Every structure is written in structure tokens, then in C-alpha cells.
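Commentary on secondary and tertiary structure
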Amino acid sequence: MNLHEFQARELFRDAGMPVPRGRVATTPAEAAAITADMGGAAVVKAQVHSGGRGKAGGVKLAGTPEEAEAHARAILGMTIRGLTVHKVLLVPVENIASERYVGILVDRAVQAPLFMVSREGGVDIEEVAATDPAAITRLRVDPRFGLLPHQAYRLGSALFDAPSLARQCATVLSQLYQVFMKNGASLCEVNPLIATEAGEVKAIDAKVTIDANELFRRPALESLRDLDAEPAAETHARAAGLSFVKLDGNVGCCVNGAGLAMATMDLVKYYGGDPANFLDIGGSSSPDKVVAALEIITADPNVQVILFNIFGGITRCDDVARGIVEATKRADIRAPILIRLTGTNEAEARDILAAEGFSAFTSMDDVVRAAVERAAA
């Protein structure tokens, strides 16, 4: 679950990080009033769950309230990487002497938090990693002990030469680690972390991604979810209890079990196709889940064929068959549906499908190959 910058800033402030206060506006007039309260100048920042806001024109410096109003008018309603801007954040203008990058994420290879810091702040860290990987300092943290003071100072010294700045930075890094662990985050990022002309270290940007699997332990964070900022398909899938990831292909996949879903996608690629999604209906025997899955898949205009690959265990094949039949009755599904069923109540499922004019494959290879061919036709 991604947070908006203004939400992430509050988590940072709660941990004691030096984050300048900002205020959110939803109209140009609000932006002008907030800028006037800030002394007449502000940075206007689009609030969307996306990087690259500055390059897209979503971050502007306003020297007057009138400028802030004009910038807000241009930014509100604009689209950045497919996401519409509904809010802008206004923050004070800082006297920046230098910019740094600080981030912490989960290193899944060693199952530990990983700090990544760089003197190349204010730009995309992916660009730095690609062009100058030596410019990034990495430190894995043992979660049993947390970030130790000498480790924090070592990272601070990698970013700033002046001992006073390195010490301030070490404190910020320790606080950032607290935010990361306390909130079940998979990513916390400050880009840029700045040193001002007055010798102060400040976090003037904030990015936090919460691991959705941690939300049941932290229900208060669920209220920070912005449904308007999420793709409608993801919201629909979550409400239906489905695991869904949108991809760029044209073979819509509906599978039970994450492992089988990954294998199905691999096989689609093997036979020369491109999956349109990862969609796992899980182990439940609910026809309603199948109906919801088909609604999500058919909402994607790129889908040319729908592929069901069901291995019946806890998931009963007859319930999946009933869901397919029900969905085709509710909506005019134009994409051909190819089905492979095997396992629990397979015979009953085939009878249900046959009564409605459907047939089912038994071989996973055969159904995937056929789906790829139909998508390419």
C-alpha cells in the first residue's frame, strides 16, 4: 500500500525526523491561501502514488500566492503515469546547500532491511544505480539488533564530510529505521535529504510503501489507503479477496494458487504469448470469486482471450464452472474462454460446462498453447 507524501511526512514527523510542515490543498484558491500563510512562497507538489513527478511537471516553485494558485490549477487534474492528481502539497522553500538520497527496503535475498544511500540526491536512484553503481553505499541491518549507532554514523559519513552533518544524518537514519519497522514498511525513502545553508539536515521529501501483509497488525494504517489513487481493478480484486497484478499482455489468466499462477504465466511466455495479469482466486470454493475475477479480466481492453487453469483441491472444479457460467450470463463476454480443469469434482464441472456449450482441456500445455494461438489470431 503506497502512501501519499503528505501522509508519509506525518509518519516521519511522529518519529522525530526533521520534516518541514506542509499543508494539502484540493483547489487553486486553497493553494494560494496556504502559500500566503507560509510567507508568500512555497513548493507545490502533486500528490500521486508515482515517482517522476518533477519530470512530469508535478513539482513547481511558487514565489507568490498568485503563482501557487496558477501552478495548482495546472497540476490538479493532470495525469502522471496514468494517475490523476486530486491534491497538491505545499511546503516551505528551503535554502539547499546539498542534496542526498536515503532509502531503506527489504532485501529478500537475505531477509533483512537494506539501507541504500547516495550523494546523488534529487534524481532517480534507479538512474544512479544504472550509470554509477559505486555512488550507492549499501548496509544490511540485522533485524535482531536494529541499526546500531556506529552503523548509522558510518552511513552519515558516507553522505556528508562535515562531522556535524554526519551526526545529524545518523540520527535521521535511526529515526527512518524506526518508521520502517514500526509500520511494517517495504520501502521508506527520502529524496532528497538536504543540508541547508545554515548547516541543518532536513527531510524535504517522503515516500513510504506499506507491506499489505502487515496491515492486519496495524489496522490504523488502513485508513491511509486512497482508493481514488488506486487502479479500479486492484480495488475490485482486494474487495473480492483476489490476488491481482496488472500486466501488459493480452492473455487474461485466472488460476487457483500462486505457484500454479506463476507456472501458467511462464508457460504463456514459453509458447510466445504475453500474460495480461496475475490473478489468483485462492483456495476458496466460491463461484462469486470467479465472477469477480472475470469482471476484472474483461475490464482490460487488451485481453484477447481468457485462460482458466484450475487444479482442484480445496478449490472445487464444479464451483469454478458455476462461476464461469454465472459470469457469462451476467455480462456479454466477447473474448473466448479456454478452460483447463482437473481435480476435485472434475466430472461434475465438465457436465456443468458442457450444458452451456463449453469444453475443458485436461492438459496444461494444450490449453496454454491454444490460448496463445487464439490471442495472436
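Conventions and cut-offs
Each residue is numbered by its place in its chain's sequence as written, counting from 1. For a predicted model such as this one, the threshold for reporting local features is a pLDDT of at least 70, and the threshold for listing and counting side-chain atom pairs is 80 or more; totals across whole chains, interfaces and linings nevertheless cover every residue. Hydrogen atoms and water are omitted, and side-chain values are computed over all heavy atoms in the structure. Only protein atoms enter the 1 Å grid used here, on which a cavity is any set of points holding a 1.4 Å probe that cannot leave and a pocket is any open set flanked by protein within 12 Å on both sides along at least five of seven lines; residues with an atom within 4 Å of a point are listed as lining. Grid points are joined across faces, edges and corners, and a volume is the space filled by probe spheres set on the points. Any residue outside Ala, Val, Leu, Ile, Met, Phe, Trp, Tyr, Cys, Pro, Asp, Glu, Lys and Arg is labelled polar, Gly included; the first ten of those are nonpolar and the last four are charged. Working definition: helices are DSSP H or I runs of at least four residues, strands are E runs of at least two. Numbering for both runs from the N terminus. Polar contact is the term for a pair of N or O atoms within 3.5 Å; when the atoms are in protein, one must be able to donate a hydrogen and the other to accept it, and sequence-neighboring residues count only if both atoms are side-chain atoms. Contact between two residues is taken to exist if any of their heavy atoms lie within 4.5 Å; hydrogens are not considered. Stacked, tilted and edge-to-face are the three classes applied to pairs of Phe, Tyr and Trp rings, where Trp contributes its six-membered ring and a pair requires centres within 6.5 Å; stacked means planes under 30 degrees apart, edge-to-face means over 60, and tilted covers the rest. Think of it in three bands: residues with accessible area under 20% of the maximum for their type are buried, residues over 50% are exposed, and the middle band is partly exposed, with areas taken using a 1.4 Å probe on protein chains only. Two strands form a pair only when DSSP identifies at least two bridges running between them. Here the axes come from fitting lines to C-alpha atoms, over the contacting stretch only for helices, and the angles between their N-to-C directions go from 0 to 180 degrees. In this analysis, the expected span of each helix is defined as 1.5 Å times one less than the number of residues it contains. When we speak of the arc, we mean the arc of directions from the helix axis to the C-beta atoms.

1. A word on empty space enclosed by the protein
On inspection of all chains with the given rule, the structure shows 1 cavity of 30 Å³ or more. Counted as a void, the largest cavity has a volume near 60 Å³. Considering the residues around the largest cavity, the lining is formed by His4, Gln47, Val48, His49, Leu83, Thr84, His86, Lys87, Asp226, Asp228 and Ala229. Taken together, the residues of the lining of the largest cavity sort by class into 3 nonpolar, 5 polar and 3 charged.

2. Digging into the side chain of histidine 71
As for its placement among the helices and strands, histidine 71 is situated in helix H3 (residues 65–75). Among the polar contacts listed, one links the side chain of histidine 71 to the backbone oxygen of leucine 61, at a separation of 3.2 Å. Sequence-distant contacts of histidine 71, that is, excluding residues within four places in its chain, are made with Val44, Lys60, Leu61 and Ala62.

3. Considerations on the packing of aromatic side chains
Working definition: an aromatic ring pair is given by the centre-to-centre distance plus the angle between the planes. Inspection of the entire model under this criterion finds 2 aromatic pairs. Measuring from centroid to centroid gives 5.1 Å for tyrosine 270 and tyrosine 271, while their planes differ by 80 degrees, and the two rings are edge-to-face. Given the relative accessible area of 25%, tyrosine 271 is considered partly exposed.

4. Here's the deal with unusual backbone geometry
The amide bond that connects asparagine 191 to the next residue, proline 192, takes the cis arrangement and shows omega of 15 degrees. In this structure, asparagine 345 takes a positive phi of about 60 degrees despite not being glycine. One can find asparagine 345 in the loop between strand S17 (337–343) and helix H11 (346–355).

5. Examining the sheet that holds strand S1 (residues 23–25)
The sheet built from 4 strands is open, its strands ordered S1-S6-S2-S3 with antiparallel pairing. Both outer strands of the open sheet, S1 and strand S3 (59–62), are each paired with one neighbouring strand and no more. Pairs of neighbouring strands in the sheet enclose a mean axial angle of 25 degrees, with direction left out of account. Relative to strand S6 (residues 88–91), S1 is paired through 3 bridges, and the arrangement is antiparallel. For alanine 25, the partnering residue across the bridge sits in S6 and is valine 88. Running over the sheet, helix H1 (residues 5–14) touches S1, strand S2 (42–46) and S6 and is turned about 45 degrees from S6. Contacts from H3 reach S2, S3 and S6 within the one sheet, and its direction differs from that of S3 by about 165 degrees.

6. Considerations on helix H8 (residues 258–270)
Over its 13 residues, H8 runs 18 Å from end to end, which matches the ideal 18 Å to within 8%, given 1.5 Å per residue. Every buried residue of H8 is listed here: Leu260, Ala261, Thr264, Met265, Leu267 and Val268. Taken around the axis of H8, the buried residues stretch over an arc of 160 degrees, which confines them to a single face. Along H8, exposed side chains directed more than 90 degrees from the buried face belong to Gly259, Asp266 and Tyr270. Close packing links the buried residues of H8 with strand S14 (251–255), strand S15 (277–280), strand S16 (305–312) and helix H12 (364–376). Downstream of H8 by a residue or two, glycine 272 has a phi angle that is positive, lying close to 95 degrees.

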